[in-house]
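The residues making up each chain are set out below.
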Amino acid sequence: MGRLRDKVALITGGASGLGKATGQLMAKEGATVILSDLQEVEGTAVSKQIINNGGKCSFMKQDTTSEEGWREICDYILERHGHLDILLNGAGVGSSAIEIEDMDFSIWRNCLSVNLDGVFLGCKYGIKAMRKGRGGSIINISSILGFAGLATATNYCASKGGVRLLTKAAALECARKTPLVRVNSIHPGFIDTPMVAGAIQRRGPEFRNYIEENVPLGKLGEPSDIAEGVVYLASDGAKFVTGTELTIDGGFLAR
Ligand SMILES: NC(=O)c1ccc[n+]([C@@H]2O[C@H](COP(=O)([O-])OP(=O)(O)OC[C@H]3O[C@@H](n4cnc5c(N)ncnc54)[C@H](O)[C@@H]3O)[C@@H](O)[C@H]2O)c1
C-alpha cells in the first residue's frame, strides 16, 4: 500500500470495468483519483464507494472525444490539485461484430473516434498538464487486438493497433524532456467487464467457449488483473519503463 502516495490520477472510463477497478486500487495505494466518464450516475456511485472506503476521489463527466472537454478537465485538475501525475486512458467502446463489407462508415468512425482520437487527445492534454507539474505517467489501454486480428472487428483492431504505436511515438517524444512523462500501453486479453459481457451476448455463447478454449489459463481475467498492471506503470517502481507494451492476457499472445 502507498505506492501512489501524493499522486493525482485522472482515469477516463472510470465508471465501469477496468477504469473502475483501477480507480479503486489507485485510491488504496494513496492516490487522489479523479474518475471521468460519460456515465454520470455510475461514475458518481463509484466515486462515493471509494470515498466510503477511505479513499480520495471525485467524478467529472467527460466525453473523451471532445478536445474542449480535455482542455477543461486538465485545467480544472491543475487549478484544484496543482499537478497531474497519472493519466489512464481507459475509455473505450467494443467492436460491433460486423464484417467489413457491411460496416457503415459511421460505425467505423465512432469506434476510431473514441478508441483512438480520444487517446490522442488524452496524450496531448495529459502531457501538457504533466509538464506544467512534476512530469508523470500515461497509460493507454490498447488490447491483444492491437497485436492480433479478429474477424468482424476491423474497426476495433485498427483503433487498438493505432493506440499501440501512438504510445511508442509519444514515449519517444517525451523521453529526453524534463520533467519526464512516461507513456506505456497495456494490452488486456478477455477480461470480465460489461464490455465483454456485451460481446458474449452479441456473438453468442460460442464466443465464451472460444475464449475459454483459446486462453491458455482457461478463463476470463478479472478487472483487478489489469488494475495491478496500471498501478505498476503509474508508480515510481516503473521509472525506467517507457514506450513498452504490457500484455495481461492469460497467455493468449504467447501461443
Ligand atoms: N474487457 C476486456 O476484455 C478488454 C480487453 C481489451 C481491451 N479493453 C479495453 O479496456 C478499456 C475499458 O474497457 P472495459 O472492458 O472496462 O469496458 P466498459 O464498457 O466496462 O467501460 C468502458 C467505459 O468507457 C466509457 N466511455 C465510452 N465512451 C466514452 C467517451 N466517449 N467518453 C468517456 N467515456 C466513455 C463507458 O461509459 C464505460 O464506462 C476499453 O478501451 C477497452 O477497449 C477491454
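Up top you'll find the structure we're talking about.
Throughout what follows, the structure given in this document is the object of discussion. Because the structure is predicted, anything quoted here is derived from the model rather than measured. (Residues numbered from 1 in each chain as written. Predicted model: local features only at pLDDT ≥ 70, side-chain atom pairs only at ≥ 80, totals over all residues. Heavy atoms only, no water.)

1. Focus on the side chain of Asp 37
You can see Asp 37 is positioned in strand β2 (residues 32-37). Among buried charged residues, Asp 37 stands out as having no salt bridge; its nearest opposite-charge side chain is Lys 61, 8.8 Å away. At 3.1 Å, the side chain of Asp 37 and the backbone nitrogen of Ala 15 are in polar contact. When sequence neighbours within four positions are dropped, the list of residues in contact with Asp 37 reads Gly 13, Gly 14, Ala 15, Ser 16, Phe 59, Met 60, Lys 61 and Gln 62. (Helix = DSSP H or I, 4+ residues; strand = E, 2+ residues; numbered from the N terminus. Buried < 20%, exposed > 50% of the residue type's maximum accessible area, 1.4 Å probe, protein only. Lys, Arg positive; Asp, Glu negative; His and termini not counted. Salt bridge = Lys/Arg side-chain N within 4 Å of Asp/Glu carboxyl O. Polar contact = N/O pair within 3.5 Å; in protein donor to acceptor, adjacent residues only side chain to side chain. Contact = heavy atoms within 4.5 Å.)

2. Looking at the environment of Ile 50
Tracing the sequence through the fold places Ile 50 in helix α2 (residues 40-52). Looking at Ile 50, the relative accessible area reads 4%, which means it is buried. For the pair Ile 50 and Gln 24, spaced 26 residues apart in sequence, the C-alpha to C-alpha distance is 6.2 Å. For Ile 50, the residues in contact, after removing those within four places along its chain, are Gly 23, Gln 24, Ala 27, Leu 35, Gly 55 and Cys 57.

3. A short note on the site of the ligand
Taken together, 27 residues lie near the ligand, and Ser 16, Asp 37, Tyr 156, Ile 191 and Thr 193 sit nearest. Gln 62 places a polar main-chain atom, nitrogen or oxygen, 3.4 Å from a nitrogen atom of the ligand. At 2.7 Å from an oxygen atom of the ligand is found a main-chain nitrogen or oxygen belonging to Ile 191. The cavity where the ligand resides is the largest pocket. Residue assignment for the shell around the ligand shows that the elements contributing at least two residues are α1 (17-28), α5 (154-174) and α6 (194-203). If you tally residues by element for the shell around the ligand, the top one is α6, at 3 residues. Each residue belonging to the shell around the ligand can be placed in one class, and the counts come to 12 nonpolar, 12 polar and 3 charged. (Near = heavy atom within 4 Å. 1 Å grid on protein atoms, 1.4 Å probe; cavity = no way out; pocket = protein on both sides within 12 Å on 5 of 7 lines; lining within 4 Å. Sits in = over half its atoms within 2 Å of the grid points. Nonpolar A, V, L, I, M, F, W, Y, C, P; charged D, E, K, R; others polar.)

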